[in-house]
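Coordinate analysis (summary)
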Amino acid sequence: MTDLVVRPLVAGEESLFESMPDPLPELRQVGYAAGIAGGGYRPERTWVALRAGRVVARAAWLRPPGATGDPWLERFETTDPEVGAELLRAAHESFGGPLAYYAAVPAYWRRRPEVRAVVEAPMAAARLVGLVEREERLRCTWTGTPLPAASGRYTFRPAADETEINALVARIPEPEVLTGREVARSAGVDLGTDPLAWLDGPAAAWRVALDDGRPAGLAGTAGNACYPLLAYLGLLDEAVRADLLADAVGVLAGGGAREVVADVDAHRVRMVAELERTGFRRLRSRVVFTPPEDLPS
């Protein structure tokens with residue numbers, strides 16, 4: 001068998017990376033050439049495995065422009081776990097150590113044998129080099145379906161200022177929705193505990209739910225990001241979940257949004273169910289693999 005050649009790309013080899021057919025065209029992803037042009041991808045952070053001049057595995061680590069943290073593995077395709085692992089080992093040695101892998105997969109991928117046949121090889125390669133599966137995050141999207149009627153129990157208003165937002169965030173240890181948490185992490189920001197360090201919109205973009213004048217929940221929206229999104233949703237009262245979600249989406253829709261994006265951990269089954277009841281549909285999943293030392297103790 002022809003020897004395997006594993007190496008990083010050099011500038012101008014975008015077409016070599018893209019010569020490997022896309023195994024999951026249904027995923028909405030930024031094209032590699034567009035990512036190079038935008039600065040998120042770099043040739044020295046893009047590796048290929050070649051056999052007889054043909055790409056048999058490829059990997060591209062992404063760091064958004066302006067981010068200060070480590071890049072993460074965003075694109076990774078291989079049909080052979082051993083080949084994929086050889087590529088990752090070479091790249092990790094070049095980087096000075098392993099980096100996180102955010103494996104994007106279509107919605108409901110575990111139920112779809114044809115998709116699992118594609119994604120299991122790169123995931124197996126990640127495990128072979130010591131990366132550990134940590135969590136699964138769902139990306140959901142609302143595209144204009146009618147919103148459920150409110151219960152009438154709660155009232156809603158914009159947040160008064162950053163002080164109020166920070167005070168409420170401090171009372172919510174585990175937010176239900178955190179959209180873009182991985183990107184925020186690359187900039188050194190924990191979106192769950194310090195969202196205003198990442199979300200630079202006005203305080204009025206945050207919605208406070210009140211139960212007889214007492215705060216019951218908080219939602220942060222961003223209508224001027226790359227797409228309208230529900231960036232943060234946290235509860236002080238479990239019962240406010242449905243009304244707070246519908247209120248936040250309604251505010252974005254009232255501002256002209258035709259689509260709203262929300263990310264949620266797959267294990268938050270109540271929040272996932274409420275998103276779906278509100279008209280969100282699953283767009284994709286992101287399975288997060290990290291080096292063992294990054295796991296919580």
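Higher on the page you've got the structure.
What this report covers is the structure whose coordinates are included nearby.

Cut-offs and rules
Residues numbered from 1 in each chain as written. Predicted model: local features only at pLDDT ≥ 70, side-chain atom pairs only at ≥ 80, totals over all residues. Heavy atoms only, no water. Helix = DSSP H or I, 4+ residues; strand = E, 2+ residues; numbered from the N terminus. Rg over C-alpha atoms; globule rule 2.2 N^0.38 Å. Buried < 20%, exposed > 50% of the residue type's maximum accessible area, 1.4 Å probe, protein only. Contact = heavy atoms within 4.5 Å. Areas by Shrake-Rupley, 256 points an atom, 1.4 Å probe, with all protein chains shown as cover. Core = buried A, V, L, I, M, F, W, Y, C linked by side-chain atoms within 4.5 Å. 1 Å grid on protein atoms, 1.4 Å probe; cavity = no way out; pocket = protein on both sides within 12 Å on 5 of 7 lines; lining within 4 Å. Points joined across faces, edges and corners; volume = space filled by probe spheres on them. Nonpolar A, V, L, I, M, F, W, Y, C, P; charged D, E, K, R; others polar. Polar contact = N/O pair within 3.5 Å; in protein donor to acceptor, adjacent residues only side chain to side chain.

**Side note on the overall build of the protein**
Helix and strand counts for the protein come out as eight helices and 13 strands. The C-alpha radius of gyration of the protein comes to 21 Å, within 12% of the 19 Å expected for a compact globule of 297 residues. In terms of its C-alpha atoms, the protein occupies a principal-axis envelope of roughly 75 × 40 × 35 Å. Expressed as a percentage of the 297 residues in the protein, the buried residues total 52%. Summarising the internal contacts of the protein: among those between residues at least 6 apart in sequence, 71% fall at separations of at least 24. Surface accessibility of the protein: about 13800 Å² in total, with carbon and sulfur atoms responsible for 51%.

**Quick notes on the nonpolar core**
Counting 31 residues, the largest nonpolar core has Trp-61, Leu-87, Tyr-101, Met-123 and Phe-289 as the members making the most contacts within it. Those elements that place two or more of their residues in this core are strand E2 (46-51), strand E3 (54-62), strand E4 (72-78), helix H3 (81-95), strand E5 (101-106), helix H4 (113-128) and strand E13 (281-290). Leaving out residues up to four positions away in the same chain, Met-123 has contacts with Ala-103, Val-105, Trp-109, Val-287 and Phe-289. Formed by 25 residues, the second largest nonpolar core is a distinct cluster that contains Ala-209, Leu-230, Leu-233 and Ala-248.

**Some details on empty space enclosed by the protein**
The full count for this structure, using the stated rule, is one cavity of 30 Å³ or more. Reported here for the largest cavity is a volume of approximately 30 Å³. Lining the largest cavity we find Arg-137, Leu-138, Arg-139, Glu-182, Asp-263, Arg-284 and Arg-286. Per-element accounting of the lining of the largest cavity gives the leading share, three residues, to strand E6 (residues 132-142). Class assignment of the residues belonging to the lining of the largest cavity gives a composition of one nonpolar, no polar and six charged.

**Some words on unusual backbone geometry**
Despite not being glycine, Tyr-108 shows a phi value in the positive range, around 60 degrees. When you line up the elements, Tyr-108 lands in the loop between E5 and H4.

**As for the side chain of Asp-211**
By the secondary structure assignment, Asp-211 is in strand E9 (residues 206-211). Using a relative accessible area of 17% as the deciding quantity, one classes Asp-211 as buried. At 3.1 Å, the side chain of Asp-211 forms a polar contact with the side chain of Arg-153.

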